Every structure is written in C-alpha cells, then in structure tokens.
Amino acid sequence: MHRQISLAPIPALPVLRTSAHRPDESDVIRQRARSGELARIARGCFVDAAGWDALRPAEQHLVRLQAAADRIRPDQVVSHVSAAVVLGVPMVSSLPGRIHLTSVGGDRRTTNATFIVHADLDPGFEASSITTPAGLRLSGPERIAADTALTLPFVDAVVAMDDLLRRGVTRERVREMLERRGPKGRRRALRAVDFADPSADSPGESVARTRFDEFGTEPPVLQHRFREPGRPDIVVDFWFPAAGVVVEFDGEVKYRDATMRGGLPVEDVVIAEKYREDRLRAMPGVRHVVRLRWADLWDGAALRAKLRRAGVRMTR
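Residues numbered from 1 in each chain as written. Predicted model: local features only at pLDDT ≥ 70, side-chain atom pairs only at ≥ 80, totals over all residues. Heavy atoms only, no water.

(A) Focus on unusual backbone geometry. Even without a glycine there, the phi angle at His80 is positive, about 50°. The topology assignment puts His80 in helix H4 (residues 80-86). Overall, the relative accessible area of 7% leaves His80 in the buried class. Of note, the phi angle at Gln223 is positive, near 55°, even though the residue is not glycine. Turning to its location among the elements, Gln223 is positioned in strand S10 (residues 221-228). (Helix = DSSP H or I, 4+ residues; strand = E, 2+ residues; numbered from the N terminus. Buried < 20%, exposed > 50% of the residue type's maximum accessible area, 1.4 Å probe, protein only.)

Here it is, written out as structure tokens:
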C-alpha cells in the first residue's frame, strides 16, 4: 500500500530565548514573562502568551519540540506521541508537556523537565526512521504505531492506528514489533491494533467505534453505501443492519471550516444535510437515523440512550 508520510505544519510562533551571553536582552524577556505577556514553554524558551493560548494542544506540542530541537542528541530520535504529533496523527486526550524521545541502543528510561527519553526496546526500528526537512529524526511509522499502542489509552491508540493504517502502515508489522516487546501493555496494544480500521474516516468515528464495542452493539458496517437508481449514492458513517439504524457523526468542523463546506454558506450545508437525511429515512430497511456529536461520545449515558431509543441492542 502507498504510504502517505505527511507532516503537520508548525505554527509560525517565534520563540524568544534567554542566554547568559545576552544578559540585558534576557532580563527583558524574563520581565515580559513575569508580566504575563510571554509564556514559558521550555527552559529558557518563551513565546507570545496570547498566540500560545490560541494554539490547539497538538500545535503547542510542535512549538515545544521546535524550541527544544537543538537539545536532542544525535543518538536520540523523536518517538511515541511526539513523533505521532509531528506526522499529524490525531489525538483526543491531553498531550504531555514534555517531548518523547528514544535513545538508540539505550537500555534505560530517563526524564527531565523537557524530555522523556525511552529505552530502545526494538533496535531494528532505525532502518525505517524518518528525517524531516528541518533535520529531526523520527521513529518509523510502524514503530510509532507500536509505541503509541503500548503507551496510550485504548481509545487514543485506536484513533492513532486508524489514521496510520489509512496512511499505509502495515498492521502485521506493527503486531510483529509488539510481539517482540515485554508483556507490559502488550495485550491492550494488540487489541487496539486488531480493532483498528482504516475505514474510520475521522477521529470522531474512531472514538464512536470504541464506544459501540464497549457497549456490546453489533459490529457496525463502516462507510456503508446506500444506492438509489438515478440519484447519487449516500455513504454513511455507520450502519447497524440488524437494527436498521444509521449513525452519523457530526463534527462541527464541516460547518465551521469553509473548505469543508466547499465554499457554501452554513445554511446551505444544513439544508443539504436535511434533504440527505430525508432520503436516508426513506431507504429500504432504514428505521432510524442517529446523529452524534463529540459531547455524546464522552457522555456514556447520553450515548446509550440515543442508541437504545433507536433500537440498537447493547449487551454490556
């Protein structure tokens, strides 16, 4: 399968650095930080506080990494969740304030205020490492998948694996890497790798799948295509055939982002969604259409209630 090794854009937020060689300038930077004008993001590194607060967590992590890049030793590679963020792999839980690295050939885990340095538990990874245009070395995609599966909660691991599989990461190779590791976290990691599905089209769909599994629903069909002669097909996020229920995840981005709307006004998108749903409800076998938002995914009782009202059976 063709790999899509794209990198997340680094926000254009200048980093100001203090230095013993520039004491006057450094004093001014510290004064601005004490006043709240600047935010400290790493030892001796500061950025505009308002600009920092406006960034998403993944963007903040990228700025931290950029600020600390010169402190990464030649025998270390960016790894785990930090490498995933560089590749633009989506994360749904909070991101760490420190940068994750792996010490090539190292056998001990060390930490400081800026870095978490992992032992190299799979030395064969170096053959598939990635070097960014800025000169950063990252673990290879399969190694990133294995490391995140081992260290992230199940939901986050599935979100990351769904994305990496869509980019061409090989599930079998990730499993081989996990089998070579110790027993800690391996069972959960293997379950996340086996559960992952590249057909999940967004982080919200990935999280929804883990919730359906948690509740013991029938396995939904992803990206099911409903056909009607003479009219465009309708592809839905989830189809529960036994219950006759369509479930759609409504991420707000498709309404807020003009590129996702194809330049159309929000009102036109909403009207088009209504016509589409009317067509869906008229399809043979469709009894209910359920629409989910992010808030539903984090509220188990609300999600169960929506599924129950629609007739989706749950066994757990």
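(B) Focus on the environment of Asp156. In this fold, Asp156 is placed in helix H6 (residues 154-166). For Asp156, a relative accessible area of 4% translates into the label buried. Each C-alpha atom of the pair Asp156 and Asn112 lies 25 Å from the other, and the pair is 44 residues apart in sequence. When near neighbours in sequence (up to four residues on either side) are disregarded, Asp156 contacts Val92 and Ser93. (Contact = heavy atoms within 4.5 Å.)

(C) Expanded view of the sheet that holds strand S12 (residues 245-249). Judged by pairing direction, the sheet is mixed, and its 4 strands sit side by side in the order S10-S11-S12-S13 without closing on themselves. Each edge of the open sheet is held by one strand with a lone partner, namely S10 and strand S13 (288-292). For this sheet the average axis-to-axis angle between neighbouring strands, irrespective of direction, equals 45°. Bridging between S10 and strand S11 (residues 231-240) involves 6 bridges; their strand directions are antiparallel. Within S11, the residue paired with Glu228 across the bridge is Arg231. Docked against the sheet, helix H9 (residues 203-215) engages S10, S11, S12 and S13, running at close to 45° with respect to S11. Against the sheet, helix H13 (residues 300-310) contacts S12 and S13, and its axis sits at roughly 170° relative to S13. (Pairing = 2+ DSSP bridges. Axes fitted to C-alpha atoms, helices over the stretch in contact; angles between N-to-C directions.)

(D) Inspection of the pairing of strand S3 (residues 45-48) at higher detail. Relative to S3, strand S1 (residues 16-17) runs antiparallel, the two sharing 2 bridges. Bridged to Arg17 within S3 is Cys45. Alignment of strand S2 (residues 38-42) against S3, held across 4 bridges, turns out to be antiparallel. Looking at S3, one finds that Ala42 is bridged to Cys45.

(E) Structural view of H9. The end-to-end C-alpha distance of H9, which contains 13 residues, comes to 19 Å, matching closely the 18 Å that a straight helix rising 1.5 Å per residue would cover. Burial of H9 is extensive: 10 of the 13 residues sit out of reach of the surface. Those residues of H9 that fall on the buried side of the exposure criterion are Gly204, Glu205, Ser206, Val207, Ala208, Arg209, Thr210, Arg211, Phe212 and Phe215. Among the residues trailing H9, Gly216 stands out with phi positive, at a value near 75°. (Expected span 1.5 Å × (residues − 1).)

(F) Main features of the packing of H6 against helix H8 (residues 186-195). Two elements in contact, H6 and H8, have axes whose closest approach is 9 Å; the angle formed by their N-to-C orientations is 40°. In terms of axis orientation, H6 runs oblique to H8. Between H6 and H8 lies a crossing whose hand is right-handed. Contacts from Phe154, Ala157, Val158 and Met161 of H6 reach H8 at Arg188, Arg191, Ala192, Val193 and Phe195. Residues that form the contact of H6 with H8 fall into these classes: 7 nonpolar, no polar and 2 charged. (Parallel < 35°, antiparallel > 145°, perpendicular 65-115°, else oblique. Left-handed = near helix turned anticlockwise from the far one by under 90°. Nonpolar A, V, L, I, M, F, W, Y, C, P; charged D, E, K, R; others polar.)

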